[in-house]
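Chain by chain, the residues run as shown.
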Amino acid sequence: MTVLDDLRPTENESIPALGIYWHGLVTPPKTVEEIKARLTRTGLLACDTETISLQDRTIIGVGFAPSKDEACYIPVYSPLMSLAKEILEDASILKTFYNSPFDLEVLAWSDIEVKGSLDLLTMARQHSLPGGLKLLATHIGWNKDEISDLIPPKGTMMDIDEEVTADKCCWDVRITFELFYILQPETDMSMIHRDGRALECLARMHKVGLKVDSAHAEELDKPLVVELERLRQLAEEETGWEVNPGSPDQVAYILGMRGVFLKVKKPSGGWTEAKKTRMMTDEAALLDVANVTGDPLAKIVLEYRKTQKLRGYTRPFIGVDRIHPHFHQNAATMRFSASGIRCDLVEPIEGLFGEPEYQMERRLNALGVPKSMRGSVVPDGKVFTKFDFSQQELRILAYMSGDVAMIEAANGTDMHQSMGNMMMVPRSEMKNANFAVVYGSGLETIAVTAGISVHDAARLMGHWKKSFPDAWEWMEGSKEDGLRQGYAETATGRRLPLPEIGEGPGQLDEETVKRQAVNYRIQGTGGDVLRESIIILDEAGVDQRLPIHDELNSDGAYLLPTEKLETVIPGMHLPIESGFVERWS
């Protein structure tokens, strides 16, 4: 029996004079003073924001639950929004949000700088519980409506009655409060408090954003525009038609006119669905056409699409003064990432097109386009202070495993070179072997990236195992522990749930889960390092702007607290490389 078992469906009671809704099993307060006393009496609140949609993050109201038994919803037009701001900015009152990265960013745009926030989803991950408030609610025996049950298809929260919105928000915060109440006793709350502090810093960074040199981006975009026009003209010369190589329908039609018949794409709703039938003109289909028939049009279209993808990196920086990245905690490793800012061309494009990095670099060089859009991001002051952790993941492996030889290499400035000297192999081969160990790459991948045979790759990895036996043993132990426990543990004690064998679209096999058990421990520790670094710099008054993986950029010239940053994890020395740059690089 859970504490929620005694809950019964309740209706909102509107308090028109105050423009709010009260929801629960107790008599609602009638005055502002009573409302404030009710909300703040325990020093703990569950909170939530309602926005027009997930895409349009315009706030329409805030919900609070001081217990599992009652909650209130304050629409954004209510005069009590000033009370909501006062409570949210009071660090002495703990606030638990289901998904605080989202809510903190939303509130930041209402000039509300939340203090004392805690993230329920992070707590749930410590207990290997599923994400999603609906799934978490079922864990404590409660059923929660999905938002899709309330709003019409393609609709927003503006399409439903405010009373329905209030009811939904109040249930959400009451469930959040009860989940927090249940999970708190078995949770490392000191870690959750530190996580909350770092997420509050990220919300400030999101709102401030990054200054963009739009003219710089336009200059980078010009050769791509020229290349697209060249390819369009080539397509017209080849076919004798006015053709848009970016149109799948036109490409399919013209290829058919040339005697090339493509496979039919099955409609998403099945063959009986009354939808327009389309020919398959995806990359795989066009590569097949190019290889089998040698039709030049297929090759032209593929080149055109690749260039269009490259423009996906330049265009977001054109015609804007600032960008405001959204920050996320990776669901698997808890590392920070950012969306709404696409800067590095080579790495993601390699994944999109299956081209090795060196081929993609050749394409960019031929077009006169740099590998990165980072140069279009500039400081508000004169410089950025930039730092990143040098070879962080490899050093974390050395210290977590306690391998004496690896730790000796970690004491140098270049671990790849030091380890290569120990094994008497070139640095390039050593670097590829090290990345293979950390990320669990196969022999074929090592062979391709190192430019050696599969046989030599196997020999290299065998030599690695003998040279660093404690590290190898630690990884093998981490794999077995992960399978047995169902989670991986970072150097700080954070538990990261592992996917189950057979889970997911790819039906994960045992070896994949084992590799993730090692990777999660290393990358998760890296995430903990950056999270603590953000707090250290915030306490030092540094104007931080952009943290990604093992790198952090701040606006202005700062003398960084290097010793603190390099010893965030007790027993580990993780050196940083820092400097001043006039553009993000």
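Below, the structure is looked at part by part.

This paragraph deals with the sheet that holds strand S8 (residues 210-212). If you trace the 3 strands from one edge of the open sheet to the other, you get S11-S8-S14, paired in antiparallel fashion. Pairing within the sheet leaves two strands with one partner each, and these edge strands are strand S11 (322-323) and strand S14 (377-378). Of the strand pairs in this sheet, S8 and S11 are connected by 2 bridges, and their pairing is antiparallel. Each bridged residue has a counterpart across the sheet, and for Leu210 the counterpart in S11 is Ile323.

Given 3.6 residues per helical turn, the α-helix brings residues three or four places apart onto the same face. Helix length check: helix H17 (residues 427-439) (13 residues) gives 18 Å between terminal C-alpha atoms against 18 Å at 1.5 Å per residue, within 8%. If you check which residues of H17 are buried, you get Glu429, Met430, Asn432, Ala433, Asn434, Ala436, Val437 and Val438. Contact partners of the buried residues in H17: helix H14 (392-401), helix H16 (415-423), helix H18 (443-450), helix H19 (454-467), helix H20 (469-485) and helix H21 (510-539). Gly440 occupies a position one or two residues after H17 and carries a positive phi of about 75 degrees.

The biggest cluster of nonpolar side chains holds 99 residues, and the ones touching the most others in it are Phe64, Leu397, Met406, Met419 and Trp464. With 8 residues, H21 is the single largest residue contributor to this core. For Trp464, the contacting residues outside a window of four places in its chain are Leu397, Met406, Met419, Met423, Met430, Ala433, Asn434, Val437, Ala471, Trp472 and Met475. Core analysis: the second largest hydrophobic core is formed by 35 residues, Ala46, Met123, Ala166 and Val173 among them.

Across the sheet, 4 strands lie side by side as S18-S19-S15-S20; this open sheet has antiparallel pairing. Of all strands in the sheet, those bounded by a partner on one side alone are strand S18 (544-548) and strand S20 (576-581). Averaged over all pairs of adjacent strands, the angle between strand axes in this sheet comes to 15 degrees, irrespective of strand direction. Note: S18 against strand S19 (residues 551-555), 4 bridges, orientation antiparallel. Across the sheet, Leu546 pairs through a bridge with Asn553, a residue of S19. Packing of H21 onto the sheet brings it into contact with strand S15 (384-389), S18 and S19, and relative to S18 it is tilted by some 170 degrees.

Let's shift gears to the environment of Ile160. One can find Ile160 in the loop between helix H5 (133-139) and helix H6 (162-183). Each C-alpha atom, one on Ile160 and one on Leu150, is 7.5 Å from the other, the two residues being 10 residues apart in sequence. Those residues in contact with Ile160 that sit more than four places away from it in its chain are Leu150, Ile151, Pro152 and Thr165.

This part takes up the state of the cysteines. Inspection of every chain in the model, using the stated rule, returns 0 disulfides. Note on Cys47: no disulfide assigned, nearest cysteine sulfur contributed by Cys72 at a separation of 9.5 Å. Judged by relative accessible area, Cys47 falls into the buried class, the value being 1%. Here Cys170 stays free of any disulfide, with the sulfur of Cys169 as its closest cysteine sulfur at 5.9 Å. Under the relative-accessibility criterion, Cys170 is labelled buried at 0%.

Glancing now at the pattern of salt bridges. Summed over all chains, the structure comprises 39 salt bridges. Close ionic contact of Asp195 with Arg531 constitutes a salt bridge, the shortest N to O distance being 3.4 Å. With Asp195 in helix H7 (residues 189-208) and Arg531 in helix H21, this residue pair connects regions lying 336 residues apart in the sequence. Each member of the pair, Asp195 together with Arg531, is buried. Among the salt bridges present, the one from Asp414 reaches Arg427, with a minimum N-O distance of 2.8 Å. Within this pair, whereas Asp414 is found in the loop between helix H15 (404-410) and H16, its partner Arg427 is found in helix H17, the two being separated by 13 residues in sequence. For Asp414, a relative accessible area of 21% puts it in the partly exposed group. Residue Arg427 is classed as partly exposed on the basis of its relative accessible area of 29%. Overlapping salt bridges bring together Glu113, Arg197, Arg204, Asp538 and Glu539 as one network.

What counts, and at which threshold
Residues numbered from 1 in each chain as written. Predicted model: local features only at pLDDT ≥ 70, side-chain atom pairs only at ≥ 80, totals over all residues. Heavy atoms only, no water. Pairing = 2+ DSSP bridges. Helix = DSSP H or I, 4+ residues; strand = E, 2+ residues; numbered from the N terminus. Expected span 1.5 Å × (residues − 1). Buried < 20%, exposed > 50% of the residue type's maximum accessible area, 1.4 Å probe, protein only. Contact = heavy atoms within 4.5 Å. Core = buried A, V, L, I, M, F, W, Y, C linked by side-chain atoms within 4.5 Å. Axes fitted to C-alpha atoms, helices over the stretch in contact; angles between N-to-C directions. Disulfide = S-S within 2.5 Å. Salt bridge = Lys/Arg side-chain N within 4 Å of Asp/Glu carboxyl O.

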